[in-house]
Amino acid sequence: MRYLIAETTWKMMSLGHALAQTGTLLTRCEAAEDIEEFHRIGAHDLLVIEASVLRNQTTLTRLRERNPEVPIAVISREADGAQIAAWLMAGADTVLPSEASPEEILARLGAVARRAHGVSLPVSDCGPLRFDLEKRRVHFGATTLSLSPKLYEILEFLALRPGRLATRETLMNHVYGFENEPAPRVFDVYMCNLRAHLAPVEAALAIETVRGEGYRLRVSERRGTARTMAA
C-alpha cells in the first residue's frame, strides 16, 4: 500500500521513517499548503496528517471532497473528546494519539487502510491467491510467489480493487509516487513478468488489458475472505 504522509513536523518525519521500514510506499509532503493538491492527484490508500496543520474543520472537509474514497488519519496530541468528535464529523476516519507507541500507531493505520478496501485482516484471499498485506507476500497454496517489490505493489493494488479499471497512469502513480517513473516500455515489462507469475492460476485470476484505458483484475474463482466488487 501507499500512504500520503504530511511530514510537517519531526514527529511526522519519525513516523514516516517507521512506515518506510515496514515496506509501506510513501508519498511525502513537507509543505502544509500542498497537502490538498497531493491528496487530490495521488494514488494512495491513506492520508496521514498531524492535527497541527489543520487550521479548522473546513480543511478536513476539503480533503474529503478532493479524494472521497481515501481514508484520513489524524495524529493528535492531547485532544479532548469534543475536538476529536469535530474532526470525525468533518471527515477524519480516525484520530490517533501521538503519544501511543509506534507499534500501535502502525497497526491502527494499517487497519484503517485495509478496511477502506473491505479487508478486515492483514491476510486476505483473492481468488486462489492469499495475500499477506503485512509481510507483503502472495501465496498460492504452499508456494510463495517470487515477486519483486514493484510486481507485488502492482498486484496488490489490483487485488484490492478486483474488477475495477485502473489506468496506466494510476498504477504508475501508485507504484512510483511523483518521482522516478520509468519509461513506458519498462512498465510493459513489469506487466509481462507479472502475468508470467500468474500463469498457473490464469483460469481463476488474470490481469486483463482494456485497450486504450488500462488494466483490471478478473477473478472468476473466489474463496475465503475474497471480496467482490463491480467493475
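Residues numbered from 1 in each chain as written. Predicted model: local features only at pLDDT ≥ 70, side-chain atom pairs only at ≥ 80, totals over all residues. Heavy atoms only, no water.

Topic: the pattern of salt bridges
The final tally for this structure, using the stated rule, is 13 salt bridges. Where Arg-164 meets Glu-69, a salt bridge forms, and the shortest distance between an N and an O atom there is 3.3 Å. Of this pair, Arg-164 sits in the loop between helix H6 (149-159) and helix H7 (168-176) while Glu-69 sits in the loop between helix H3 (57-66) and strand S4 (72-76), and the two are 95 residues apart along the sequence. On the accessibility criterion, Glu-69 (60% relative accessible area) is exposed. (Salt bridge = Lys/Arg side-chain N within 4 Å of Asp/Glu carboxyl O. Helix = DSSP H or I, 4+ residues; strand = E, 2+ residues; numbered from the N terminus. Buried < 20%, exposed > 50% of the residue type's maximum accessible area, 1.4 Å probe, protein only.)

Section: the sheet that holds strand S8 (residues 137-140)
Here four strands make up an open sheet; going across it, the order is S6-S7-S8-S9 and the pairing antiparallel. Looking at which strands have only one partner, the edges of the open sheet turn out to be strand S6 (123-126) and strand S9 (143-144). By the bridge criterion, four bridges tie S6 to strand S7 (residues 129-132) in an arrangement that is antiparallel. Residue pairing in the sheet places Cys-126 in a bridge with Leu-129 of S7. The sheet strands contacting H6 are S6, S7 and S8, and the helix crosses S7 at an angle near 110°. (Pairing = 2+ DSSP bridges. Contact = heavy atoms within 4.5 Å. Axes fitted to C-alpha atoms, helices over the stretch in contact; angles between N-to-C directions.)

Observations regarding the environment of Phe-157
Tracing the chain through its elements places Phe-157 in helix H6. Separated by 114 residues in sequence, Phe-157 and Ala-43 place their C-alpha atoms 9.8 Å apart. Every residue in contact with Phe-157, bar those within four places of it in the chain, is listed here: Ala-166, Thr-170, Leu-171 and His-174.

Brief notes about the sheet that holds S4
In space, the five strands of this open sheet follow the order S2-S1-S3-S4-S5, with parallel pairing throughout. In this open sheet, the two edge strands, each paired with only one partner strand, are strand S2 (25-29) and strand S5 (94-97). Sheet twist, expressed as the average angle between the axes of neighbouring strands with direction ignored, equals 25°. In the packing of helix H5 (residues 102-115) onto the sheet, contacts are made with strand S1 (2-6), strand S3 (46-50), S4 and S5, and the angle to S5 comes to roughly 170°.

Here we look at the confidence of the model for the chain
Mean pLDDT for the chain: 89, with 93% of residues reaching 70 or above. Scored below 50 in pLDDT, residues 224-231 shows 21 contacts in the model against residues more than four places distant or in partner chains. (pLDDT = per-residue confidence, 0-100.)

Looking at the pairing of S7
Taking the residues between adjacent antiparallel strands as the criterion, S6 and S7 are bridged by two residues, where Gly-127 takes a positive phi near 60°. Where S7 and S8 come together, three bridges link them in antiparallel fashion. Bridge pairing links Arg-130 to His-139 in S8. Hairpin connection from S7 to S8: four residues lie between these consecutive antiparallel strands, with Arg-136 at a positive phi of about 60°.

Quick word on the packing of H6 against H7
The contact between H6 and H7 brings their axes to 10 Å, and the two run at 125°. One way to sum up the angle between H6 and H7 is to call them oblique. Note on packing geometry: the crossing formed by H6 with H7 is right-handed. Where H6 approaches H7, its residues Lys-150, Glu-153, Ile-154, Phe-157 and Leu-158 are matched on the opposing element by Thr-170, Leu-171, His-174, Val-175 and Tyr-176. Looking at the contact of H6 with H7 residue by residue, the classes come out as six nonpolar, two polar and two charged. (Parallel < 35°, antiparallel > 145°, perpendicular 65-115°, else oblique. Left-handed = near helix turned anticlockwise from the far one by under 90°. Nonpolar A, V, L, I, M, F, W, Y, C, P; charged D, E, K, R; others polar.)

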